Amino acid sequence: MKFSRRTMIKDGMLVVSAGMVMPGVFSRGIASAKTLSSQGARFSQAATDKTLIVVQMAGGNDGLNTVIPYTDSNYFKMRPTLAIPDSKTLHLDNRLGLHPELAPLKKLWDSGHMAIVEGVGYPNSSLSHFQAMDVWQTLDLNGGGREGWLGKLVSGWVDKDGHPFKSLNVDTQTVQALQSISAQVPTLKTVNSYRVNADPSDKDGGTSRLQTLMKLYSTYPKSAPYAALLEATAVNAQEGSRQLHEAASNYTPQVQYPEGPFAAGLQILAETIVQGLGLRVGYVTLGGFDTHANQSEDHAQLMKTLGEGLLAFYSDLQAHGKADNVVVMTWSEFGRRVEENGSQGTDHGTAAPLFVLGNAVTQGIYGEPPSLTSLDDAGNLKYTVDFRSVYATVLDRWLGASSKDVLGGTYGSQNFLPQV
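A few points on the structure.

Criteria and thresholds
- Residues numbered from 1 in each chain as written.
- Predicted model: local features only at pLDDT ≥ 70, side-chain atom pairs only at ≥ 80, totals over all residues.
- Heavy atoms only, no water.
- Core = buried A, V, L, I, M, F, W, Y, C linked by side-chain atoms within 4.5 Å.
- Buried < 20%, exposed > 50% of the residue type's maximum accessible area, 1.4 Å probe, protein only.
- Helix = DSSP H or I, 4+ residues; strand = E, 2+ residues; numbered from the N terminus.
- Contact = heavy atoms within 4.5 Å.
- Salt bridge = Lys/Arg side-chain N within 4 Å of Asp/Glu carboxyl O.
- Polar contact = N/O pair within 3.5 Å; in protein donor to acceptor, adjacent residues only side chain to side chain.

1. Looking at the nonpolar core
Then, in step 1: Core analysis: the largest hydrophobic core is formed by 49 residues, its most contacted members being Ile 53, Met 114, Leu 306, Leu 310, Phe 313 and Phe 355.
Then, in step 2: The element that contributes the greatest number of residues to this core is helix 10 (residues 295-319), accounting for nine residues.
Then, in step 3: In contact with Phe 355, not counting residues within four places along its chain, are Thr 66, Val 67, Leu 98, Leu 102, Leu 105, Met 114, Ala 115, Ile 116, Leu 306, Val 328, Met 329 and Thr 330.
Then, in step 4: Ala 115, Trp 136, Val 185 and Trp 398 belong to the second largest nonpolar core, which has 44 residues in total.

Listed below in structure tokens is the structure:
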């Protein structure tokens with residue numbers, strides 16, 4: 001973590017550590033922060049030890065080549081070069097199967113620990129990456145939201161009892177879904193990056209630099225707006241760094257994680273769970289799903305990365321006796337067009353499937369696969385499941401929070417988790 005006076009206030013944001021960013025803190029009133037803080041406490045009244053891990057598949061995953069309608073002749077007709085042949089598809093039932101590189105997830109399916117929700121989307125789906133991601137992360141269907149749905153939730157948890165890792169984002173910057181103006185979410189790429197970086201000339205390993213940093217924060221007037229938030233953030237950044245590095249030194253993975261940043265991110269989340277840092281919501285992103293051209297090879301590699309990473313994560317937790325309390329949910333901002341394009345790829349589409357993994361999950365295929373013949377005017381799939389009903393399910397049935405309060409409405413639920 002690198003700090004300076006110039007980086008503390010930048011572009012209307014309070015920057016308190018590498019990856020700990022509070023959006024728009026100085027552009028809104030104190031009352032707003034207090035209101036959201038109290039809301040966060042209400043959202044999260046039910047205290048449990050259950051954890052949700054969110055995996056974002058950024059770029060727009062091709063759902064039809066992920067969960068394959070291998071008995072539908074229209075699929076092969078509209079994708080003469082990209083369709084996965086029946087002989088290679090990993091059959092789930094008599095009409096749907098998985099991409100062959102998702103064999104690791106097929107193992108979880110066969111053991112009863114995976115659900116698939118088909119046809120997930122929302123009305124008037126946006127085909128813009130940024131707008132569509134905003135919709136999924138803020139629930140504003142116009143794509144102009146600022147407050148993340150998970151940010152509202154974790155504002156009642158983060159640092160509430162001196163636990164800076166109630167939520168953790170493995171990335172270079174905090175995702176919109178976790179943005180909140182009343183609580184900071186630790187964001188890091190690696191364990192070693194989450195520290196105050198010492199200058200090569202420091203003879204004490206950075207101790208004096210850290211002390212100077214804490215003094216800098218302590219000079220902020222106690223009566224000034226957000227003084228308590230600033231102080232808590234600074235203190236918890238210091239304490240969080242200590243806790244995380246101590247956890248890393250005591251944690252031994254029970255499986256060999258694959259190479260690459262995605263699996264490395266999952267391993268960090270496993271570490272915080274195994275070492276009991278109090279994680280309730282973890283977030284990690286796998287990018288590269290915008291497959292406009294030469295899709296076959298790229299998408300196959302992404303499927304392999306996703307499947308192997310998630311299986312390693314689950315197996316590690318299982319070996320440590322922690323899998324019962326963790327559920328994983330994937331999402332992508334949209335699917336792809338049904339018909340392949342002239343570049344052996346697929347263009348931006350609409351509805352797509354998502355995965356839910358965990359010991360608590362009731363195996364099955366939920367929702368209805370969209371029709372490949374009854375398309376919208378642009379030639380895209382019509383969604384059959386509102387994504388907010390998936391969120392409502394994990395909130396109400398897993399995290400013990402009121403989905404109506406967090407989501408701002410009632411959207412029904414799915415049955416991949418049992419009712420409580």
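2. Description of the pattern of salt bridges
Then, in step 1: Evaluation of the coordinates by the stated rule reveals six salt bridges.
Then, in step 2: Of the charged contacts, one joins Asp 290 and Arg 336 as a salt bridge, the two residues approaching to 3.1 Å between their closest N and O atoms. Of this pair, Asp 290 sits in the loop between strand 11 (281-287) and helix 10 while Arg 336 is found in the loop between strand 12 (326-331) and strand 13 (352-357), placing the two residues 46 residues apart along the sequence.
Then, in step 3: Its relative accessible area of 2% is what places Arg 336 among the buried residues.
Then, in step 4: The partner of Glu 308 in a salt bridge is Lys 304, with the nearest N and O atoms 2.8 Å apart. Note that Glu 308 and Lys 304 are positioned in helix 10 at a spacing of four residues, about one turn of the helix.

3. What to know about the side chain of Asn 61
Then, in step 1: Turning to its location among the elements, Asn 61 is positioned in the loop between strand 4 (51-58) and strand 5 (67-68).
Then, in step 2: By relative accessible area, Asn 61 is classed as buried at 3%.
Then, in step 3: Here His 299 takes part through its side chain, which lies 2.8 Å from a polar atom of the side chain of Asn 61.

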